[in-house]
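Here is what each chain is made of, one letter per residue.
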2 protein chains.
Amino acid sequence: MKFYQDLRVGEKFELGSRTFTAPDIKAFAAKYDPQLFHLDEAAAVKSHFGALCASGWHTAATWMRLMVDFLQRGDAQARARGEPTAEMGPSPGFREMKWLKPVYVGDTIAYASEVIEIRASGSRPGWGLMSVRNTGVNQKGEPVISFISVVFVQGRGSKSGEPS
Amino acid sequence: MKFYQDLRVGEKFELGSRTFTAPDIKAFAAKYDPQLFHLDEAAAVKSHFGALCASGWHTAATWMRLMVDFLQRGDAQARARGEPTAEMGPSPGFREMKWLKPVYVGDTIAYASEVIEIRASGSRPGWGLMSVRNTGVNQKGEPVISFISVVFVQGRGSKSGEPS
């Protein structure tokens, strides 16, 4: 990650995309959201969704996966250039999670994140707090998920291993 | 589920608890949140968390699992008594997700949900919207997760299969 002083409001990260397959949808649902419209095609047809679709938590967790992959790729590239990388602290949480459309079998969701606020942390000297609007858009261009997450980002010259 | 007219603000649902094991924490993280402090004990000790801990998305998805189990148990009991059950519609989303403390290996999190608002849906005649504050508390009594979710609940006399 860049140090928080080097991040800019409006900066956009393209995180990549993921196609949701029936086995993946059912495997997540069996463990974390065993409602019939996430588990069984025939039952899903009769539900308000009309077809098998992914748990909203699956769509959200997939954002996390692509974000982690994106950050790890970026760090590896920075290290290859001999540049220092900023550590990310814990996330205090997020807000305004919206599941806007169902994610059906075969849908490909492209995820992106846009920086909407950067500020110095009051409680953690040397660190910043970054707020990001995260979105997922399906292959028809329809937004399916949107939420705002907040995360601590190390500042230039601050100690790593913080905040505790 | 009860019909939305039979739900009361302040009503509390005890959803049960779940102990987070190292294999479960690592399996979730490997698929959805492959950061070292969720995957590797030795690396976690050196991180800001100080020990292996669960992805926040894992803690949240586990709430969903216990909520689904709770609702399905309740519906089965109602059917056994010969009572009708209300259908639940999709969730438009949730808000104010807070990860308040890490969930470490061996922590047992008890989840509960409290109804904080019930209202008739404007867009979906006959249906209601229920807002619930969801919490998870560890074995020391410390809250670890809190968020507010919203879900459509069928009303008495309304058609099932809605809302679309």
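These figures come from a predicted structure and were not determined experimentally.

Now, about the overall build of chain A: what can you tell me, with residues and values included?
Tallying secondary structure elements over chain A gives three helices and five strands in all. For chain A, the sequential pattern of α-helices and β-strands runs β-α-α-α-β-β-β-β. With respect to the principal axes defined by its C-alpha atoms, chain A has extents near 55 × 35 × 30 Å. Within chain A, buried positions represent 49% of all 164 residues. Surface summary for chain A: the accessible area is close to 7,500 Å², and the carbon and sulfur share equals 53%. The average position of the 20 basic charges and that of the 17 acidic charges among the side chains of chain A differ by 2 Å.

Now, about the packing of helix H3 (residues 56–80) of chain A against helix H1 (residues 22–32) of chain B: what can you tell me, with residues and values included?
Between H3(A) and H1(B), the shortest axis-to-axis distance is 8 Å and the interhelical angle comes to 75 degrees. Between H3(A) and H1(B), the angle is such that the two are roughly perpendicular. Contacts from A:His58, A:Ala61, A:Thr62, A:Met64 and A:Arg65 in H3(A) reach B:Phe28, B:Ala30, B:Lys31 and B:Tyr32 in H1(B). Residues belonging to the contact of H3(A) with H1(B) are distributed by class as follows: five nonpolar, two polar and two charged.

Can you explain helix H3 (residues 56–80) of chain B? Please cite residues and give values.
Residues and elements named next belong to chain B. For H3, spanning 25 residues, the distance from its first C-alpha to its last is 37 Å, which sits close to the expected 36 Å at 1.5 Å a residue. Its side-chain oxygen 3.1 Å from the backbone nitrogen of Trp57, Ser55 forms the N-cap of H3. Positive backbone phi, approximately 75 degrees, marks Gly82, located one or two places after H3.

For the interface of chain B and chain A, give the residues involved together with the corresponding values.
Taken together, the contact pairs 38 residues of chain B with 39 residues of chain A. Taken over both partners, the interface formed by chain B and chain A buries close to 3,000 Å², and the fraction arising from carbon and sulfur atoms is 62%. Three residues stand out in chain B for area buried against chain A, namely B:Tyr32, B:His48 and B:Trp57, and they jointly supply 27% of the buried area on that side. Between chain B and chain A we count zero salt bridges in total. Along the contact surface separating chain B from chain A lie 14 residue pairs in polar contact (both at pLDDT 80 or more). A total of 11 residues in the side of chain B that touches chain A trace back to one element, the largest contributor, which is H3(B). Residues belonging to the side of chain B that touches chain A are distributed by class as follows: 19 nonpolar, 10 polar and nine charged. Bridge count for strand S2 (residues 93–99) of chain A against strand S2 (residues 93–99) of chain B is four bridges, and the pairing is antiparallel.

Residues and numbers for the packing of aromatic side chains, please.
Tallying each qualifying case throughout the model produces 23 aromatic pairs over all chains. The ring of A:Phe152 carries A:Arg124 above its face, with NZ or CZ at 4.1 Å from the centroid.

Outline the nonpolar core, supporting the account with residue identities and numerical values.
If you look at the biggest cluster of nonpolar residues, it comprises 84 residues, and the most contacted ones within it are A:Trp57 and B:Trp57. Excluding residues that lie within four positions of it along the chain, A:Trp57 makes contacts with A:Phe28, A:Asp33, A:Trp99, B:Ala60, B:Trp63, B:Met64, B:Phe94, B:Met97 and B:Phe147.

Before we move on, can you summarise H1(B) with the specific residues and values?
All names here are of chain B. Taken together, the buried positions of H1 are occupied by Ala22, Ile25, Phe28, Ala29 and Tyr32. Angularly, the buried residues of H1 cover 140 degrees about the axis, an arc narrow enough to put them on a single face. The backbone nitrogen of Asp24 lies 3.2 Å from a side-chain oxygen of the residue at the head of H1, namely Thr21.

Provide a residue-level description of the sheet that holds strand S5 (residues 143–154) of chain B, including the pertinent values.
Strand order in the open sheet formed by 10 strands is S1(A)-S3(A)-S4(A)-S5(A)-S2(A)-S2(B)-S5(B)-S4(B)-S3(B)-S1(B), and the pairing between neighbours is antiparallel. Both edges of this open sheet fall to strand S1 (12–19) of chain A together with strand S1 (12–19) of chain B, since each of them pairs with a single strand only. Mean inter-strand twist for the sheet, computed between neighbouring axes without regard to direction, equals 20 degrees. With 11 bridges joining them, strand S4 (residues 127–137) of chain A and strand S5 (residues 143–154) of chain A adopt antiparallel strand pairing.

Go over the side chain of B:His38 with me, naming the residues and quoting the values.
All names here are of chain B. Within the secondary structure layout, His38 lies in the loop between H1 and helix H2 (41–45). A polar contact is formed between the side chain of His38 and the side chain of Asp33, at a distance of 3.5 Å. With sequence-adjacent residues up to four places away left out, His38 is seen in contact with Ile25, Lys26, Ala29, Asp33, Leu52, Cys53, Ala54 and Ser55.

Run through the relation of the copies chain B and chain A, naming residues and quoting values.
Mapping chain B onto chain A is achieved by rotating through 180 degrees and translating by 0.0 Å along the same axis, at an RMSD of 0.0 Å. Such a turn and shift between the copies fits a two-fold axis. Judged by C-alpha distance, B:Arg95 is the residue of chain B that lies nearest the rotation axis, at 2.4 Å. Taken together, the interface assignments show that 100% of the residues at the interface of chain B recur at the interface of chain A, consistent with an identical surface on both copies.

Please set out the pattern of salt bridges residue by residue, giving values where relevant.
By the definition in use, this model includes 14 salt bridges over all chains. For A:Arg119, the salt bridge identified is with A:Glu117, shortest N-O distance 3.9 Å. Since its relative accessible area comes to 36%, A:Glu117 is described here as partly exposed. B:Glu96 is the partner of B:Arg95 in a salt bridge, and the nearest nitrogen-oxygen pair spans 3.6 Å. With relative accessibility at 33%, the residue B:Arg95 sits in the partly exposed group.

Rules behind the numbers
Residues numbered from 1 in each chain as written. Chains lettered and ligands numbered in written order. Predicted model: local features only at pLDDT ≥ 70, side-chain atom pairs only at ≥ 80, totals over all residues. Heavy atoms only, no water. Helix = DSSP H or I, 4+ residues; strand = E, 2+ residues; numbered from the N terminus. Buried < 20%, exposed > 50% of the residue type's maximum accessible area, 1.4 Å probe, protein only. Areas by Shrake-Rupley, 256 points an atom, 1.4 Å probe, with all protein chains shown as cover. Lys, Arg positive; Asp, Glu negative; His and termini not counted. Charge placed at Lys NZ, Arg CZ, Asp CG, Glu CD. Axes fitted to C-alpha atoms, helices over the stretch in contact; angles between N-to-C directions. Parallel < 35°, antiparallel > 145°, perpendicular 65-115°, else oblique. Contact = heavy atoms within 4.5 Å. Nonpolar A, V, L, I, M, F, W, Y, C, P; charged D, E, K, R; others polar. Expected span 1.5 Å × (residues − 1). Polar contact = N/O pair within 3.5 Å; in protein donor to acceptor, adjacent residues only side chain to side chain. Buried area = accessible area lost by both parts, 1.4 Å probe. Salt bridge = Lys/Arg side-chain N within 4 Å of Asp/Glu carboxyl O. Pairing = 2+ DSSP bridges. Phe/Tyr/Trp six-rings, centres within 6.5 Å; stacked < 30°, edge-to-face > 60°. Lys NZ or Arg CZ within 6 Å of the ring centre and 35° of its normal. Core = buried A, V, L, I, M, F, W, Y, C linked by side-chain atoms within 4.5 Å. Arc of directions from axis to C-beta. Least-squares fit on C-alpha atoms with pLDDT ≥ 70 in both.

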